[in-house]
Amino acid sequence: AKEEARRRGAAEAIMLDAAGYLSEGTGQNLFLVREGTVFTPPLSAGILGGITRDAVIRLARDAGYEVREESLPRELLHVCDEAFFTGTAAELTPIRSVEGIPVGEGRPGPVTRDIQGRFLGIARGELPDPYGWRTLVPARPAAPAVEVALPVTV
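The following refers to the structure shown. (Residues numbered from 1 in each chain as written. Predicted model: local features only at pLDDT ≥ 70, side-chain atom pairs only at ≥ 80, totals over all residues. Heavy atoms only, no water.)

Thoughts on helix α2 (residues 51-62)
Moving on, step 1. With twelve residues, α2 ought to run about 16 Å at 1.5 Å a step, and its terminal C-alpha atoms sit 17 Å apart, in line with that.
Moving on, step 2. Taken residue by residue, α2 has Thr52, Arg53, Ala55, Val56, Ile57, Leu59 and Ala60 as its buried positions.
Moving on, step 3. Residues of α2 that are buried in the fold lie against β3 (29-34), β4 (37-40), β5 (67-69), β6 (82-87), β7 (91-94) and α3 (110-123).
Moving on, step 4. Looking one or two places after α2, you find glycine 64, whose phi comes out positive at around 100°. (Helix = DSSP H or I, 4+ residues; strand = E, 2+ residues; numbered from the N terminus. Expected span 1.5 Å × (residues − 1). Buried < 20%, exposed > 50% of the residue type's maximum accessible area, 1.4 Å probe, protein only. Contact = heavy atoms within 4.5 Å.)

What follows is the structure, given as structure tokens:
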């Protein structure tokens, strides 16, 4: 699917579930924003229950956004105000357009930017972590360099 998307000039593909509803990207979870409400397909849509997806749902709800996990028709892609992917590698990546049609104004919207700022701020240690997501890993002192001799075979 991703190769086909690239052949058609897109960076990523959005998959559909067996019933034709929105599912996810090729390696990311999908979120849409419509009139301030955050939508994402349910786990029953055959999606990966991503850790980043769970974090974004929690951040969005704690920020006061309504989050709805429900089957989403494909047409919602063309009438939503904002859209973004989440994932370990994607973190939170805004979607500018779908099939050449701009999503909203064709740039990250206010809800996407707000949730992205909260997520990255916690991940980078720039904001407090009220969820216990970060674990401090103390640096170990570097081991002293040692000289080794390899056995010589004649």
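Notes on unusual backbone geometry
Moving on, step 1. In this structure, glutamate 35 takes a positive phi of about 50° despite not being glycine.
Moving on, step 2. Considering the arrangement of structural elements, one finds glutamate 35 in the loop between β3 and β4.
Moving on, step 3. Since its relative accessible area comes to 65%, glutamate 35 is described here as exposed.
Moving on, step 4. At glutamate 99, a position not held by glycine, the phi torsion is positive, near 55°.
Moving on, step 5. Relative to the helices and strands, glutamate 99 is located in the loop between β8 (97-98) and β9 (101-102).

Brief notes about the pattern of salt bridges
Moving on, step 1. By the definition in use, this model includes seven salt bridges.
Moving on, step 2. A salt bridge links glutamate 70 to arginine 68; its shortest N-O distance comes to 3.1 Å.
Moving on, step 3. For glutamate 70, a relative accessible area of 26% gives the class partly exposed. (Salt bridge = Lys/Arg side-chain N within 4 Å of Asp/Glu carboxyl O.)

Brief notes about the pairing of β3
Consecutive side chains of a regular strand alternate in pointing toward one face of the sheet and then the other.
Moving on, step 1. By the criterion of burial, β3 is predominantly enclosed, with five of the six residues buried.
Moving on, step 2. Both β3 and β6 contribute to a ladder of five bridges, which runs antiparallel. When the bridges of β6 are listed, leucine 30 appears paired with phenylalanine 85. (Pairing = 2+ DSSP bridges.)

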